[in-house]
Structure formats: C-alpha cells, structure tokens
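The chain contents come next:
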Amino acid sequence: QNQENPVFLFQAGSTLTTAASTSVILTNGAKAENVLWALGTAATLGASSVLEGSILAGSAITVGANADIRGCALAQTAVTFGIEGSVKPPAACASCP
C-alpha cells in the first residue's frame, strides 16, 4: 500500500487452476505488467476466465475457450488455447519478460 509501482510475485510449487467464468482483476492502481505468477508445473484457465499478470510455468499453460490472460504466457513445454482464448500483453510492456 502507498507504493507508486508495487510488484507482486505469486509463487506456487505446482499448479494454478481457475474455474470457468472466474476473474483475477487488479485494483487500487495495481498494473498487470507488475504481476508475475511463477508456477512449478502448469496453469489452466477455465473457459471465460480472466487473469491479470504474466504466467511463467514449468511445463504447460492451457487457456480455455474465451479466456484471457492480460499479460504474457511463458511455458517450457506448451501454451495451448481454446476457441477465442487470448493473451493480451499490457500496453506498458515493450515485450514479455
């Protein structure tokens, strides 16, 4: 709180899974380019989910139908998308990390 550009790092030894139609939205001036999800294995976003921040996964990232990552998606094995799934890098990012 009361920091101009705070950085948020969320670490998990294994996976991140979101249910369908869930949203992880930033508030109080937090910026997607300052949020990083570092995962030991995989990330799976359910259909129509929204996640803000970049994902670094040890194996794979699966983006469900109509789901959005408002950041970057980097995985050692694969990044797969359902119908209309997307990755939207924040406007302030010159490139993904």
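Above this text is the structure in question.
In this report, we go over the structure that sits alongside the text. From a predicted model like this one, the values you see are computed outputs, not experimental measurements.

The helix and strand tally for the protein stands at 0 helices and 12 strands. The helix and strand sequence of the protein, counted from the amino end, reads β-β-β-β-β-β-β-β-β-β-β-β. The globule rule puts the C-alpha radius of gyration for 97 residues at 13 Å, and the 13 Å found for the protein is close to it. In terms of principal-axis extent, the alpha carbons of the protein reach across some 35 × 25 × 25 Å. The buried share among the 97 residues of the protein stands at 34%. Look at the contacts in the protein between residues 6 or more apart in sequence, and 33% of them connect residues 24 or more apart. Counting every atom, the protein has about 5,500 Å² of accessible surface; 52% of that belongs to carbon and sulfur.

This paragraph deals with the nonpolar core. In terms of nonpolar packing, the biggest core is built from 14 residues, with Trp37, Leu45, Leu51, Ile55, Ile61 and Ile69 touching the most fellow members. Of all elements in the fold, only strand S4 (35–39), strand S5 (43–45), strand S7 (54–57) and strand S8 (60–63) reach the threshold of two or more residues within this core. Ranked by residues supplied to this core, first place goes to S4 with 3 residues.

Cut-offs and rules
- Residues numbered from 1 in each chain as written.
- Predicted model: local features only at pLDDT ≥ 70, side-chain atom pairs only at ≥ 80, totals over all residues.
- Heavy atoms only, no water.
- Helix = DSSP H or I, 4+ residues; strand = E, 2+ residues; numbered from the N terminus.
- Rg over C-alpha atoms; globule rule 2.2 N^0.38 Å.
- Buried < 20%, exposed > 50% of the residue type's maximum accessible area, 1.4 Å probe, protein only.
- Contact = heavy atoms within 4.5 Å.
- Areas by Shrake-Rupley, 256 points an atom, 1.4 Å probe, with all protein chains shown as cover.
- Core = buried A, V, L, I, M, F, W, Y, C linked by side-chain atoms within 4.5 Å.

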